[in-house]
Amino acid sequence: MTSHAALQVLPVPAFTDNYLWLLVRGDEAVVVDPGDAAPVEAALAARGLRLNAILVTHHHPDHIGGLAALLSRHPVPVYGPRRERDTIKRLTVELGEGDHVDVLGRRFEVMEVPGHTLGHIAFFGPATDLEGPILLCGDTLFSAGCGRLFEGTAAQLHGSLARLAALPPATQVYCTHEYTMSNLAFALAVEPANAALQEHVGRVRDLRARNEPSLPSSIEQELRINPFLRTAHPSVRDAAAAKAGHEPADETEAFAILRAWKDGFRPPASP
Ligand code: ZN
Ligand code: FE
């Protein structure tokens, strides 16, 4: 392995708005959450890459649908959440809180981040001498938003997001969906006077007009723009209070109010 080459993280778009992230070093690659095999095979072939391992954050079909087809051609280890072993079925290495994975010369720490699903895990790669910290967070944290509560409680997802928010500010955040523009519309409804948010909308609008990903984000940026990480801020708490008609008792309740508000939110038509 050419371990002196820098680690690259490339988006492989799939379905309507998924990114199947490809970690690449030299001629070796690791794919994260391969919901579909065809775009992964195409990306490997186009760059002459050999698949080395597969990382999985949770059991939803748009994150594991390509496992069987990929494994039929590449006999590689599949690292994923122990708590979802029965639904994912193809795991070869079952992971939980405190475990780590070494791939492509990087170590990733496993964090259990329940809420979107109960067994959901995230992979955090601490900074090295040469490379900055990176986070592969699946459907837990999105730029300016967060995953829906399919299996867990608001308290669980709020706790999971608080742990991600406490990672180093420079951490590059690789979310698995391009939801940023519609998330920003909601974030602006919550915090219309947030200048960082207004500024970011312009940047993302330009990127998306050129069909470029709005990702990765960073923890530092999310702390400025993501209402689900900002439940301690008076502007977010006040918006939650106005929505619910009462003062939230704590940050978790403010989070629950925001999550339910977002579930029914339709972005205003953009000019
Ligand atoms: Zn999901
Ligand atoms: Fe998903």
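Residues numbered from 1 in each chain as written. Chains lettered and ligands numbered in written order. Predicted model: local features only at pLDDT ≥ 70, side-chain atom pairs only at ≥ 80, totals over all residues. Heavy atoms only, no water.

Draft legend 1. Representation of the coordination of the iron ion (ligand 2) within the structure. At this site the iron ion (ligand 2) is bound by Asp 62 (OD), His 63 (NE2), Asp 139 (OD) and His 177 (NE2), with donor distances of 2.1 to 2.3 Å. Around the iron ion (ligand 2) sit four donor atoms; with metal-centred angles ranging over 84 to 166°, the donor geometry is irregular. Each donor residue of the iron ion (ligand 2) lies on one chain, and together they are spaced D-H-x75-D-x37-H. The distance between the iron ion (ligand 2) and the zinc ion (ligand 1) comes to 3.3 Å, and Asp 139 binds to both of them. Residue Asp 139 is found in the loop between strand 12 (134-138) and strand 13 (141-142), and its partner His 177 is found in the loop between strand 15 (172-175) and helix 6 (180-190); the two are separated by 38 residues along the sequence. Judged by its relative accessible area of 4%, His 177 is buried. (Donors = N, O, S within 2.8 Å, 3.2 Å for Na, K, Ca; no water. Tetrahedral: all angles 85-135°; square planar, octahedral: opposite > 155°, others 65-115°. Helix = DSSP H or I, 4+ residues; strand = E, 2+ residues; numbered from the N terminus. Buried < 20%, exposed > 50% of the residue type's maximum accessible area, 1.4 Å probe, protein only.)

Draft legend 2. Structural view of the coordination of the zinc ion (ligand 1). Coordination of the zinc ion (ligand 1) by the protein involves His 58 (NE2), His 60 (ND1), His 116 (NE2) and Asp 139 (OD), with metal-donor separations of 2.2 to 2.3 Å. Each of the four donor atoms bound to the zinc ion (ligand 1) contributes to angles spanning 86 to 170°, and the resulting shape is irregular. For the zinc ion (ligand 1), the single-chain donor residues occur in sequence as H-x1-H-x55-H-x22-D.

Draft legend 3. Summary view of the pattern of salt bridges. A full pass over the atoms with the stated rule returns 16 salt bridges. The residue Glu 131 makes a salt bridge to Arg 106 at a minimum N-O spacing of 3.0 Å. Highlighted residues: Glu 131 in the loop between strand 11 (121-125) and strand 12 and Arg 106 in strand 10 (residues 106-112), separated in sequence by 25 residues. In this pair, the class of Glu 131 matches that of Arg 106, namely buried. Here Asp 263 and Arg 148 are joined by a salt bridge, their closest N and O atoms 3.3 Å apart. Pair noted here: Asp 263 is in helix 10 (residues 251-263) and Arg 148 is in the loop between strand 14 (145-146) and helix 5 (154-165), with a separation of 115 residues, a long-range link. Judged by its relative accessible area of 32%, Asp 263 falls in the partly exposed class. Linked through salt bridges whose partners overlap, the residues forming this network are Arg 25, Arg 106 and Glu 131. (Salt bridge = Lys/Arg side-chain N within 4 Å of Asp/Glu carboxyl O.)

Draft legend 4. Molecular detail of the sheet that holds strand 12. Taken together, six strands build an open sheet; the order of strands is 9-10-11-12-15-16 and the sheet is mixed. Lying at the two open borders of the sheet, with one neighbouring strand each, are strand 9 (100-103) and strand 16 (217-218). In terms of strand pairing, strand 15 meets strand 16 through two bridges, oriented antiparallel. In the strand pairing of strand 16, Val 173 is matched with Ser 217. Packed onto the sheet, helix 5 meets strand 10, strand 11 and strand 12 and runs at close to 150° relative to strand 10. (Pairing = 2+ DSSP bridges. Contact = heavy atoms within 4.5 Å. Axes fitted to C-alpha atoms, helices over the stretch in contact; angles between N-to-C directions.)

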